[in-house]
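# A closer look at the structure
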Amino acid sequence: MKRSLVLAGGGMRVAWQAGVVKALAEEGLEFSHVDGTSGGILTTAMVLSGVGPDEMIRRWREVNVRNFSSALPLRDYLKGPWNLPALSNADGIVKKLFPSLGIDVGRIRASLLEGSFNVANFTQKRSIAVDARDVDAELLAAGMSLPLFMTPLKRDGVTWTDAAWIRDANITEALRRGAEEVWLVWCVGNSPYWGDGPLEQYVHMIEMSAAGGLLSDFAVAEAAGREFVLHVIKPAHPLPLDPDFYLGRIDALTLMGMGYRDAVAYLSGRSTAGVPADHTCTQMTDPPAGVRWTEKLSSGSVRAVLTVWLTQEAGLHASVTGFIENPQWAHPAPLADGRLVVSGQGDAWTYKGRVRVDGAWVDVSVARRLGGRGSKWHERMNASLRVGAEQHDVRLGVPEAAALLASLEPFGAHGVLQRGNAVASVVRKGLRGLLR
């Protein structure tokens, strides 16, 4: 069966896709063609450059988000807001981001795996699927250069820019290349939420263009009588926006842990028939309001980096994402099915999940007893990490405890008042047991 991996856009947040690629590789799925649009160009370029899933995770973990843009010459800013070409240009992407992610145009062109990159030809108002054998670094960067935010590429009388306003994924190209099964990796928001303000509504315009382009591809395939199996891996809720990543409110490791969680969830329950090729396939729900934080627990040799997503809902409900690191393993293992289990008396918190080690699933738990009000702070910072039959005493040190507090970030809340209420509610019902 000929499979295509179609990587949709999503801006800087496509770090999430690295976790998905890791899960697909562990599942043993192989692809004969990979296609990228907008931010998905990064993941596609890494795959075609021969960057494996674990190296992809390592490189994203070390990436400097400031390299996603670079300043224009001062004279451009002096033109004033109405004549400004854009906020930045793509020099940082070409000269710094691509090398740091292992993207090598020579290897892309020589790859035995078929590849295509979608770039908008603004001159003709068309999205062009450029074959991997014909790309160069500047054209790849142009495919990620959103109008207003980055200047386009002007070459030989043609202006090239991000195709997101036409399409954010190219099912048609996958089918043209003979795909019988299409795996769409989608991290563009698609929920009922309508936000206020220029950034939120700019994003909504992209969301509408992305969904409209995808549905157009489905309609073209249906009209042509072209049958195929569609699988869609997506987050349950829209991912945090790029400014959150750029400003450090969320990091690449957290996004990759979320991508792995979402991919494993789909793979575990998927049907061989796939999902319907209609508007429902990328739909998401708005998340309940809550607060997330990151804990870095260590025993010296074994380390757990876990992000806890605690909601405002009644009771203590939280999902957990992250990675377990063990020097005996070749690479850090991302957590799947992570969740919080609280004892009936509320005096013990346990994070549970599973990781894949040497091809086999292994149960993981991190248990912490909170004790009574008189228990000492250092006792609350100790935990027991169990990975399969192995048990390790891990600790949240003072610097890590300070980092935990600094990492507190609301989710599913909009505006200063909602964000403040989310933090206050979750701290009152949950974190006070851990931190009091």
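Everything quoted here is computed from the prediction, not taken from an experiment.

## Considering the nonpolar core
Counting 71 residues, the largest nonpolar core has Leu-42 and Trp-60 as the members making the most contacts within it. Here this core takes ten residues from helix 11 (residues 252-269), the largest share from any one element. Excluding residues within four positions of it along the chain, Leu-42 makes contact with Val-14, Trp-60, Phe-68, Leu-97, Phe-98, Leu-101, Ile-103 and Met-144. Counting 34 residues, the second largest nonpolar core, distinct from the first, contains Val-302, Ala-304, Leu-310 and Val-362.

## Thoughts on unusual backbone geometry
The general pattern is negative phi for most residues beyond glycine and trans for most peptide bonds. Here Lys-125, not a glycine, exhibits a phi torsion of approximately 60°, which is positive. Given the relative accessible area of 54%, Lys-125 is considered exposed. Here Asp-156, not a glycine, exhibits a phi torsion of approximately 50°, which is positive. Relative to the elements of secondary structure, Asp-156 occurs in the loop between strand 5 (153-155) and strand 6 (158-162). A relative accessible area of 77% means that Asp-156 is categorised as exposed.

## Looking at helix 3 (residues 53-62)
Of all the positions in helix 3, only Met-56, Ile-57, Arg-59 and Trp-60 are classed as buried. The arc enclosing the buried residues of helix 3, seen along the axis, measures out at 170°, which places them on a common side.

## Describing the pairing of strand 16 (residues 382-387)
The sheet contact formed by strand 15 (residues 360-369) and strand 16 spans four bridges and is antiparallel. By the bridge assignment, Val-364 is partnered in strand 16 with Val-387. For strand 16 and strand 17 (residues 390-395), the ladder comprises six bridges, and the chain directions are antiparallel. Pairing of Ala-383 across the sheet is with Val-394, part of strand 17.

## Quick word on the packing of aromatic side chains
All told, the structure shown has six aromatic pairs when counted by the stated rule. Measuring from centroid to centroid gives 5.2 Å for Phe-149 and Tyr-202, while their planes differ by 75°, and the two rings are edge-to-face. Within this pair, whereas Phe-149 is found in the loop between helix 7 (137-142) and strand 5, its partner Tyr-202 is found in helix 9 (residues 198-223), the two being separated by 53 residues in sequence. Joined through ring pairs, the aromatic side chains of Phe-149, Trp-165 and Tyr-202 make up one cluster. Here Arg-66 stacks its cationic end above the ring of Tyr-246, 4.4 Å away from the centre of that ring. Note that Arg-354 overlies the ring of Trp-361, its terminal NZ or CZ placed 4.0 Å from the centroid.

Conventions we followed
Residues numbered from 1 in each chain as written. Predicted model: local features only at pLDDT ≥ 70, side-chain atom pairs only at ≥ 80, totals over all residues. Heavy atoms only, no water. Core = buried A, V, L, I, M, F, W, Y, C linked by side-chain atoms within 4.5 Å. Buried < 20%, exposed > 50% of the residue type's maximum accessible area, 1.4 Å probe, protein only. Helix = DSSP H or I, 4+ residues; strand = E, 2+ residues; numbered from the N terminus. Contact = heavy atoms within 4.5 Å. Arc of directions from axis to C-beta. Pairing = 2+ DSSP bridges. Phe/Tyr/Trp six-rings, centres within 6.5 Å; stacked < 30°, edge-to-face > 60°. Lys NZ or Arg CZ within 6 Å of the ring centre and 35° of its normal.

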